[in-house]
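Residue-level structural notes
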Amino acid sequence: MMLPAGTDTLRQSLASFRQEREAGWKAFEALLARVEKRAPRALSEDELLSLPLLYRSALSSLSVARATSLDSALIAYLEALCLRGYFYLYGARRSLRTRIGDFFLHDWPAAIRDLWREVWASVALTVIGAAAGYWLVASDKRWYDAIIAPSLAGGRNPDSSAEMLRSVLYGGGDHFLSGFAAYLFTHNTQVSILAFALGFAFAVPSVLIILMNGCMLGAIFQIYAAKGLGFELGGWLSIHGTTELFAIAIAGAAGMRIGTSIAFPGELTRMAAASRAGRVAATAMVGVVVMLLFAGLLEGIGRQTITSDIARYSIGGGMLAFWISYFYLFRMVRHGNG
């Protein structure tokens, strides 16, 4: 089989190219492996100073290899080596602890402050829905079954006696409480995810979900208030509800931000507007999961072990004050920014 003319010359050129420069590539690769596994202090001062020189030499080799159409495997190797060098020398290197700290100290509160209009709108929708649910059940108790699913009602309905309703507030047994708390946590997590995920449809589903969630709250409150237990129910709900409802409101706000950005993109394209809104909304939603976890713990433990109405209101009010202060009153800086 005859080889193309110039093949021997090309092979000699490639061999000469490797022989002249391969030692530098291997040295650069070895130094990168050491600092990636350990830390910069693993290198001597001379080795640290040689890193940018070896990086520029690798870039030069890559440029020559591309320009002269040398071995494709060699080009791929040099591209990977230069990419590793770039990320180490110029990329932002933060530890996991630093990233988590930045999220809680800066990113999450900043995202919630950015969503303040949508959060207020979501809270207002919850109040409107609660008022509507209360009025509907008060005018016709048949609305209760249409609004509240049997699994969420837990046996409570407009015909329940005051004694039965009171027993749910101050008793019920550990098995019932743990199961009911788990169900509510799952339910509210689903509400939050749906309110966020469906926001892309011009925010309409998010608005309807928040309204319906408020309507359910109002319907349950009405049957207790009708038996003279409205104040007691408020304490029972507040110990976890201030955190939980705030989280749901934020999830709805995140969905509305995406939906309104798509509907009214301004000078941006719809995709660019959705992408920009999605970064803020996604950060807020990670925090929503944290809030729902707190709410689940309060719901499953504190709400039934603490039976004093004043203590329940104090805990609920304290949690609300904490979240408002954390999101809106404190201004914390990102690591490395002074």
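Residues numbered from 1 in each chain as written. Predicted model: local features only at pLDDT ≥ 70, side-chain atom pairs only at ≥ 80, totals over all residues. Heavy atoms only, no water.

Our focus in this paragraph is unusual backbone geometry. Positive phi is not limited to glycine here, since phenylalanine 202 has a value of about 55°. Checked against the element boundaries, phenylalanine 202 lands in the loop between α9 (174–197) and α10 (204–225). Positive phi outside glycine occurs at alanine 203, with the angle close to 70°. Examined against the element boundaries, alanine 203 turns out to sit in the loop between α9 and α10. Classification of alanine 203 by relative accessible area gives buried; the value is 5%. (Helix = DSSP H or I, 4+ residues; strand = E, 2+ residues; numbered from the N terminus. Buried < 20%, exposed > 50% of the residue type's maximum accessible area, 1.4 Å probe, protein only.)

This paragraph deals with the layout of surface pockets. In this structure, the largest pocket occupies an estimated 890 Å³ of space. If you go around the largest pocket, you meet 34 residues; those closest to its centre are Thr126, Leu217, Gly241, Leu245 and Phe246. Residue assignment for the lining of the largest pocket shows that the elements contributing at least two residues are α5 (116–139), α9, α10, α11 (230–263) and α13 (309–329). Ranked by the residues each element gives to the lining of the largest pocket, the list is headed by α11, at eleven residues. Per-class residue counts for the lining of the largest pocket are 21 nonpolar, ten polar and three charged. (1 Å grid on protein atoms, 1.4 Å probe; cavity = no way out; pocket = protein on both sides within 12 Å on 5 of 7 lines; lining within 4 Å. Points joined across faces, edges and corners; volume = space filled by probe spheres on them. Nonpolar A, V, L, I, M, F, W, Y, C, P; charged D, E, K, R; others polar.)

The next point concerns helix α2 (residues 45–67). An α-helix turns once per 3.6 residues; consequently, residues spaced three or four apart project the same way. The terminal C-alpha atoms of α2 lie 34 Å apart, and with 23 residues this matches the ideal 33 Å at 1.5 Å per residue to within 8%. Its maximal kink placed at leucine 51, α2 deviates by approximately 30°, while the proline proline 52 follows within four residues. (Expected span 1.5 Å × (residues − 1). Bend = angle between axes of the 7 residues up to and from the residue.)

So, on to the packing of α5 against α11. Where α5 contacts α11, the axes come no closer than 8 Å and their chain directions differ by 120°. The orientation of α5 with respect to α11, classified from their angle, is oblique. The element α5 and its partner α11 pack so that their crossing is right-handed. Note on element contacts: α11 touches α5 through Phe246, Ile248, Ala249, Ile250, Gly252, Ala253, Met256 and Arg257, opposite Glu118, Val119, Ala121, Ser122, Val123 and Leu125. Its residues placed into classes, the contact of α5 with α11 shows ten nonpolar, two polar and two charged. (Axes fitted to C-alpha atoms, helices over the stretch in contact; angles between N-to-C directions. Parallel < 35°, antiparallel > 145°, perpendicular 65-115°, else oblique. Left-handed = near helix turned anticlockwise from the far one by under 90°. Contact = heavy atoms within 4.5 Å.)

The end-to-end C-alpha distance of α11 is 41 Å, clearly below the 50 Å that 34 residues give at a rise of 1.5 Å each. At glycine 241, α11 shows its maximal kink, close to 60°. With 30 of 34 residues buried, α11 lies mostly within the body of the structure.

Within the protein, residue pLDDT values average 85, and 88% of them lie at 70 or more. Per-element confidence in the protein ranges from a low mean pLDDT of 73 for α9 to a high of 96 for α5. Under a pLDDT of 50 for its full length, residues 1–5 has, in the predicted model, one contact with residues more than four places off or in other chains. The model gives residues 333–338 a pLDDT under 50, and that stretch makes ten contacts with residues more than four places away or in other chains. (pLDDT = per-residue confidence, 0-100.)

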